[in-house]
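This is what each chain is made of:
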Amino acid sequence: MIAKDTAPFSAADAEFDIVNVSRRDFLKNLALSGFVLAAGFPDALLADAAETDSELKKYGADAMPHGWVDNPLVFVAIAEDGSVTIICHRSEMGQGVRTSLPLVVADEMEANWLQVTVKQAPGDEAKFGNQDTDGSRSTRHFFMPMRRVGAAARHMLETAAAAQWQVPVNEVKAELHRVVHPASGKSLSYGDLAIAAAKLPVPERTSLRLKNPAEFRYIGKGNLNIYDGRDMVSGNSQYGMDTRLDGMLYAVVARPKVLGAQAKRFDAAKALQVPGVLQVVELPSSPLPADFHPLGGVAVVATNTWAAIQGRKALSVEWTDSPHAHYDSADYRKQLEAAARQSGKVVREQGQVDQALQAASQRVSAEYYAPHLAQAPMEPPAATARIVNGHCEVWACTQAPQLSRERVAKWLKLPEERVTVHVTLLGGAFGRKSMPDYVIEAALLSKAMRGKPVKVTWTREDDLQHAYFHTVSLERLEAGLDTDGKVQAWLHRSAAPSISATFGPDSKHQMPAELGMGIINLPYAIPNIRIENPEAESHTRIGWFRSVSNIPRAYAVQSFVAELAQTAGRDHKEFLLDLLGPARRIDPRELNDSWNQGESPLSYPVDTGRLRRVIETVCGQAGWGRNLPKGQGLGLAAHYSFVTYVAAIVQVVVAEDGKIQVPRVDIAVDCGPQVNPERIRSQFEGACIMGLTLAMHGEISFKNGAVVQDNFHNYPLLRMDEAPGEIRIHLLPSDAYDTPLGGIGEPGLPPIAPALCNAIFAATGKRIRQLPIRDQLMPD
């Protein structure tokens, strides 16, 4: 908490003079640009008290690059007029982080939300802590640090007031933007105290008094609108594509359609004849693996985006051959099927699966296919860069501002402190904007244009054809049931190219994080389980996607459970609960899950009791088992991901012509303590729509190494007449704010597709074993 003048904070005006210092030394010698105070930070505050296991392994925010910072001098500033500025260091892409984290600070410091301004931090993890906004981690990792920020600011204000009144600090209390002394009736506003409070040392963390949850004004209430909401709906907010700078130039890039190809030669003559086109620039290609590097190609720079696009159309480019030019989705599916039908690398084994299958009264097997997907955010990637006096400034809709900063510095051969990344709002992201290839393109083109500001815009075609795609997957499951219809053996083989192939030699196997997404951490009470991971070679850039590998795993496992229930002649809900067994808290390491979403296995065990509760809750709320007219059905699915427990029931109506309608979706959520329930509901409503989109329409396919789809006519989104008539979100209450939080942004997606497919079976008797559904329900 620091005093400031009434001029708003501007990251563009900031000068950061910290070079090659450790985070520890940085915190000891912190100096904030734009603010009036530099202050030390106690050594005792330099290590988080997060739980570790016996091997002293780091978890949670501790394990993330640059960890966390909870210094109020970094995140809070108070002007003499009483206005409070709170810095948000995570990227806003619709999930509400620019509301949720600042409201935590405001609540603990007793600030009046109406007097709070939220400003976005530039990319600087040494100052702000980890800024990589993905993995449903922002609130989970920074709830407690932001509470401490607010509590420390409140303590400093109370201390300043007590000193002015010459009374013990325990006799004063902060109350809604003022500090009061009840015994005398005196009070001072935060503005009155700002300068004096700023001169005080930051209190030791151990001395802070965090609020009792009963004292919360904003946390858990859901009574605040999204901070940027009014600007968003009125067109006054700034997204990456909205950046405008004096003298700015505009660029688009012709990129190779096949991974690994390069521009062999090009003819720019016709492009240069297009009015407004200024220059054609070749961008360097990088050798594989793809990493976060630009794909290379030929850029057209113009006075406006339209001219640049027309210039690109006029380009003539000849591309080199690529070893991935043979990539064909139909052929590759056959390869995955062949791999999944043979033994693969064993990644979890308990009991004697082969013997149990041989002894089974009934054996059931099924294969489930899920194609590549593109993130397709409403705002495609966009970035603007300019270079002045050896300093590069970037404006970008990025989920990873620090990574963007590091990579731009590397490509421009600049010291990192000579690069500033300003983070705009993101018009959606879903993992795509964690990869800064488009940011690097803007920096390289500014350099080519002698430092002039250049904005690189990706069209929808660029976005769909040059994404870091969600993996394609073939999931083969086999189970053995005894005479009582109980599952005695479970075999699951998952064949899918790995994200790791994008960043290093292709091991052809999933990495631990991918395996920990709904396959090896299966919590079912089955005596014999084997999970295998056959080889699958990658032929395109595989990247992060909302919920990542939880999508195909939940689709396959929850669809297969429904098939097993039918085989056993049992109700799906009761069968699923029996599979889970009694309420247990399972150490994920017992499931061979060394990842566990990056969280402590002691703080975050796999809790089958919580999974049972969301299943029972959603079934109760949706009226599971009720009679429906012919052509209608209810489908159930439940999944644990990002340390949150979710169950969904989809009600479907299937017309005689195969058209699908979804009257209602119910989703039960146990995410632990709820910081901003309004945003939680919004995230799960959005996940429902996205999940239905992917299940019904989502497919990226390849032919001759190139993506077939190029816009929303052949990569469609859910239309209004396909959207659910009603989405009901049921949040399981938890007021224990000293217990770990779960993730929010991603866990709502995985159960939607299997719940929909199970509902379709209930309505029609037809199983859906490949996505998307598309025309599979059309009459023959």
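Summary of the structure given here. Keep in mind that what you see is a predicted model, and the values were worked out from it rather than measured. (Residues numbered from 1 in each chain as written. Predicted model: local features only at pLDDT ≥ 70, side-chain atom pairs only at ≥ 80, totals over all residues. Heavy atoms only, no water.)

Overview of the overall build of the protein chain
- Scanning the protein chain for helices and strands turns up 20 helices and 29 strands.
- The C-alpha radius of gyration computed for the protein chain amounts to 27 Å, which stays within 12% of the reference 28 Å derived for 780 residues, consistent with globular compactness.
- Taken over the C-alpha atoms alone, the protein chain extends approximately 80 × 75 × 50 Å along its principal axes.
- Across the 780 residues of the protein chain, 63% fall into the buried class.
- For the protein chain, long-range pairs separated by at least 24 residues make up 78% of all intrachain contacts whose partners lie at least 6 apart in sequence.
- By element, 49% of the accessible surface of the protein chain is carried by carbon and sulfur atoms, the whole surface being about 29,100 Å².
- For the protein chain, the centre of its 81 positive side-chain charges and the centre of its 88 negative side-chain charges are spaced 2 Å apart. (Helix = DSSP H or I, 4+ residues; strand = E, 2+ residues; numbered from the N terminus. Rg over C-alpha atoms; globule rule 2.2 N^0.38 Å. Buried < 20%, exposed > 50% of the residue type's maximum accessible area, 1.4 Å probe, protein only. Contact = heavy atoms within 4.5 Å. Areas by Shrake-Rupley, 256 points an atom, 1.4 Å probe, with all protein chains shown as cover. Lys, Arg positive; Asp, Glu negative; His and termini not counted. Charge placed at Lys NZ, Arg CZ, Asp CG, Glu CD.)

Some points on the packing of aromatic side chains
- The tally for this structure, following the rule as stated, stands at 15 aromatic pairs.
- When the centroid spacing of 5.2 Å and the interplanar angle of 85° are considered together, the rings of F216 and Y737 count as edge-to-face. Of this pair, F216 sits in the loop between α6 (190-198) and α7 (229-234) while Y737 is found in the loop between β29 (726-731) and α20 (752-764), placing the two residues 521 residues apart along the sequence. There is no split in this pair, since F216 and Y737 are both buried.
- Ring centres of Y368 and Y555 lie 5.6 Å apart, and the angle between their planes is 80°; on these two criteria the pair is classed as edge-to-face. One end of the pair, Y368, is in strand β14 (residues 362-370); the other, Y555, is in helix α16 (residues 550-568), with 187 residues separating them in the sequence. Taken individually, Y368 and Y555 each receive the classification buried, so the pair is uniform in this respect.
- Members of the aromatic cluster, each reached through a chain of ring pairs, are Y327, Y332, F469 and F702.
- Of note, R432 hangs over the ring of W458, and the distance from its end group to the ring centre comes to 5.0 Å.
- Over the ring of Y468 we find R541, and its NZ or CZ is 3.8 Å from the ring centre. (Phe/Tyr/Trp six-rings, centres within 6.5 Å; stacked < 30°, edge-to-face > 60°. Lys NZ or Arg CZ within 6 Å of the ring centre and 35° of its normal.)

Observations regarding the sheet that holds strand β26 (residues 660-670)
- In spatial order, the strands read β24-β25-β26-β29; together these four strands make up an open sheet with mixed pairing. Of all the strands in the sheet, just β24 (632-641) and β29 have a single pairing partner and so form its edges. Put simply, the sheet's adjacent strands are angled 15° from each other on average, direction ignored.
- As paired strands, β24 and strand β25 (residues 644-654) are joined by 10 bridges and run antiparallel to one another. Paired with Q632 across the strands is V653, a residue of β25. (Pairing = 2+ DSSP bridges. Axes fitted to C-alpha atoms, helices over the stretch in contact; angles between N-to-C directions.)

So, the nonpolar core
- With 83 residues, the main nonpolar core has W490, Y524, I667, L756 and I773 as its most contacted residues.
- Membership of the second largest hydrophobic core comes to 53 residues, among which are I78, W165, V172 and Y737. (Core = buried A, V, L, I, M, F, W, Y, C linked by side-chain atoms within 4.5 Å.)

So, the pairing of strand β6 (residues 178-181)
- Sheet analysis places strand β5 (residues 173-175) next to β6, joined by three bridges and oriented antiparallel. Across the sheet, K173 pairs through a bridge with V180, a residue of β6.
- In this structure, the hairpin formed by β5 and β6 is closed by a connection of two residues, where L176 is found at a positive phi of approximately 45°.
- Of the strand pairs in this sheet, β6 and strand β7 (residues 186-189) are connected by four bridges, and their pairing is antiparallel. By the bridge assignment for β7, H181 is matched with K186.
- Counted between consecutive antiparallel strands, the loop separating β6 from β7 contains four residues, among which G185 sits at a positive phi close to 80°.

Concerning the sheet that holds β5
- Strand order in the open sheet formed by three strands is β5-β6-β7, and the pairing between neighbours is antiparallel. The open sheet terminates on both sides in strands that have one partner only, identified here as β5 and β7. Going across the sheet, the axis of each strand differs from the next one's by a mean of 30°, ignoring polarity.
- In the packing of helix α5 (residues 138-165) onto the sheet, contacts are made with β5, β6 and β7, and the angle to β6 comes to roughly 45°.
- Across the sheet, α6 touches β5, β6 and β7, and the angle it forms with β7 is around 75°.

So, the pattern of salt bridges
- Enumeration according to the criterion identifies 45 salt bridges in this entry.
- Close ionic contact of R148 with D70 constitutes a salt bridge, the shortest N to O distance being 2.6 Å. Placement of the pair is R148 in helix α5 and D70 in the loop between α1 (23-28) and α2 (72-75), with a sequence separation of 78 residues.
- Owing to a relative accessible area of 9%, R148 belongs among the buried residues under this scheme.
- For D70, a relative accessible area of 4% gives the class buried.
- Across the pair E379 and K433 runs a salt bridge whose closest N-O atoms are separated by 3.0 Å. One end of the pair, E379, is in the loop between β14 and β15 (382-388); the other, K433, is in the loop between β17 (419-423) and α13 (437-448), and 54 residues separate them in sequence.
- Salt bridges sharing common partners tie together E349, D354, R493, R530 and E532. (Salt bridge = Lys/Arg side-chain N within 4 Å of Asp/Glu carboxyl O.)

Quick notes on the environment of P751
- Relative to the helices and strands, P751 resides in the loop between β29 and α20.
- Residues P751 and M241, 510 residues apart in the sequence, show an inter-C-alpha distance of 33 Å.
- Every residue in contact with P751, bar those within four places of it in the chain, is listed here: A637, H639, V646 and A648.

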